[in-house]
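# Analysis of the macromolecular model
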Amino acid sequence: MNVSSKQPRRLLALAIGLACAVLGSAGPVSAQSPAEAPAGSAVVGYTASAENAANEAFFEAVLKSVAERQAVRPSALAVTVYYNATNAPSFRSQISSAASIWNSSVSNVKLQATSGSGDFAFYEGNDPRGSYASTNGHGRGYIFLDYNQNRRYDSIRVTAHETGHVLGLPDHYSGPCSELMSGGGPGTSCTNRYPNSAERARVNQLWANGLAQAVAEAAR
């Protein structure tokens with residue numbers, strides 16, 4: 001291969017490297033390539049079994065990100081978690097619906113879209129692991145939405161379920177369809193998109209002192 005033919009590859013490699021640097025390795029470089037969707041340091045999926053520690057890691061990553069923002073804006077009076085859905089254009093409607101469901105279900109934390117740097121991000125593509133929430137272990141996280149799984153299961157339920165991990169809820173696959181965090185456990189016929197009363201109460205409890213936690217975290 002001659003030098004001129006190598007140059008485009010070098011430029012591509014450089015571009016990918018810069019993209020990784022910008023994302024902080026928090027998400028896949030390309031939303032279309034499953035090979036570029038990293039497992040991350042903690043992964044909680046829609047149907048695969050997951051350890052509670054993985055969910056706790058994701059929640060802590062989001063809280064850390066909120067704390068960093070709180071340090072910059074100490075006058076904020078409420079906890080708002082920002083998400084960026086730019087890299088999941090096919091699921092724009094589902095993501096918006098999932099955020100609305102959670103915002104209408106809990107009072108101590110709110111989800112808000114941003115086109116800038118968010119506390120977590122959405123990505124889309126094909127992945128044999130299905131849809132999952134993941135952290136990179138450095139205070140950032142992302143949700144990956146798998147095309148095939150979202151065709152088989154109710155897509156808004158999948159998205160709302162994964163968003164539940166952002167807010168601190170663990171998987172409970174043995175639960176009934178009425179539990180949002182039962183995920184794919186009840187099967188493809190389950191279309192419930194809303195957290196039940198226990199799930200709502202748990203999120204409100206976790207974020208009741210969310211602002212105070214963020215302030216304390218930022219002061220460390």
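Please refer to the structure higher up on the page.
As the structure is a prediction and not an experimental result, all values here were calculated from the model.

Turning our attention to the pairing of strand β6 (residues 141-146). The buried fraction of β6 amounts to six of the six residues, a majority that puts the element mostly inside the structure. Burial along β6 is two-sided: Gly141, Ile143 and Leu145 facing one way and Tyr142, Phe144 and Asp146 facing the other are all buried. Strand direction decides the pairing type here: strand β4 (residues 120-125) and β6, joined by six bridges, are parallel. Bridge pairing in β6 links Tyr123 to Phe144. Summarising the sheet, strand β5 (residues 132-135) and β6 pair through four bridges and their orientation is antiparallel. By the bridge assignment, Thr135 is partnered in β6 with Gly141.

Counted under the stated rule, the structure contains one disulfide. Each sulfur in the disulfide pair Cys177 and Cys190 lies 2.0 Å from the other. The sign of the 90° torsion about the S-S bond sets the Cys177-Cys190 disulfide as right-handed. Pair noted here: Cys177 is in the loop between α5 (155-166) and α6 (197-207) and Cys190 is in the loop between α5 and α6, with a separation of 13 residues, a long-range link. Here Cys177 falls in the partly exposed class, since its relative accessible area comes to 26%.

Attention now moves to the packing of helix α3 (residues 92-105) against α5. Between α3 and α5, whose axes approach to 8 Å, the crossing angle comes to 55°. With respect to their mutual orientation, α3 and α5 come out oblique. Judged by the twist between their axes, the crossing of α3 over α5 is right-handed. Note on element contacts: α5 touches α3 through Ser155, Ile156, Thr159, Ala160, Thr163 and Gly164, opposite Gln94, Ile95, Ser97, Ala98, Ile101 and Trp102.

Right, let's get into the side chain of Glu124. Here Glu124 shows up in strand β4. In this structure Glu124 is buried but unpaired, with Arg92 as the nearest side chain of opposite charge at 7.8 Å. At 2.6 Å, the side chain of Glu124 and the side chain of Tyr147 are in polar contact.

A separate point is the nonpolar core. If you look at the biggest cluster of nonpolar residues, it comprises 37 residues, and the most contacted ones within it are Val81, Trp102, Phe120, Phe122 and Trp207. Among the secondary structure elements, those contributing two or more residues to this core are α2 (52-72), β2 (80-87), α3, β4, β6, α5 and α6. Excluding its chain neighbours within four sequence positions, the residues that come into contact with Trp207 are Phe59, Val62, Leu63, Val79, Val81, Asn108, Val109, Val166 and Leu167. The next biggest cluster of nonpolar side chains, apart from the first, holds five residues, and it includes Ala121, Tyr132, Tyr142 and Phe144.

Looking now at the environment of Asp127. Relative to the helices and strands, Asp127 resides in the loop between β4 and β5. When the C-alpha positions of Asp127 and Asp146 are compared, they lie 5.9 Å apart, and in sequence the two are 19 residues distant.

Note on placement: Gly118 falls in the loop between β3 (110-113) and β4. On the basis of relative accessible area, Gly118 is assigned to the buried category, the value being 15%. Gly118 sits 35 residues away from Tyr83 along the chain, and the two C-alpha atoms are 4.8 Å apart.

With that settled, consider α5. Its 12 residues place the ends of α5 17 Å apart at the C-alpha level, agreeing with the 16 Å of an ideal helix rising 1.5 Å per residue. Across the 12 residues of α5, 12 count as buried, placing the element largely inside the fold. Listing the buried residues of α5 in full gives Ser155, Ile156, Arg157, Val158, Thr159, Ala160, His161, Glu162, Thr163, Gly164, His165 and Val166. Gly168, located one to two residues past α5, shows a positive phi value of around 110°.

What counts, and at which threshold
Here the residue index of a chain counts from 1 through its sequence in written order. The predicted origin of the model limits local features to residues at a pLDDT of at least 70 and limits the giving and counting of side-chain atom pairs to 80 or more, whereas totals for whole chains, interfaces and linings rest on all residues. Working from all heavy atoms in the structure, the side-chain values ignore hydrogens and water. Exposure is judged per residue with a 1.4 Å probe applied to protein chains only, and the accessible area is read against the type maximum: over 50% gives exposed, under 20% gives buried, and values in between give partly exposed. Counting from the N terminus, the helices are DSSP H or I runs at least four residues long and the strands are E runs at least two residues long. Whether two strands pair depends on DSSP finding at least two bridges between them. For this text, the term disulfide refers to a pair of cysteine sulfurs within 2.5 Å. Every axis corresponds to a line fitted to the C-alpha atoms, with the helix fit spanning only the stretch in contact, and the corresponding angles, defined between N-to-C directions, vary from 0 to 180 degrees. When an angle is under 35 degrees it counts as roughly parallel; over 145 it counts as roughly antiparallel; between 65 and 115 it counts as roughly perpendicular; any other value is oblique. Note: crossing handedness is left-handed where the near helix turns anticlockwise from the far helix by less than a right angle, and right-handed where it turns clockwise. Two residues qualify as a contact provided that any one of their heavy atoms is within 4.5 Å of a heavy atom in the partner residue. Only four residue types enter the tally: Lys and Arg on the positive side, Asp and Glu on the negative side; His and the chain ends are excluded. Each salt bridge in this description consists of a side-chain nitrogen of Lys or Arg and a carboxyl oxygen of Asp or Glu lying within 4 Å of one another. Counting of polar contacts relies on pairs of N or O atoms within 3.5 Å, with two restrictions inside protein: one atom must be capable of donating a hydrogen and the other of accepting it, and residues adjacent in sequence are counted only when both atoms are side-chain atoms. Definition used in this section: a nonpolar core is a set of buried Ala, Val, Leu, Ile, Met, Phe, Trp, Tyr and Cys residues joined via side-chain atoms within 4.5 Å. Take the number of residues in a helix, subtract one, and multiply by 1.5 Å to get its expected span.

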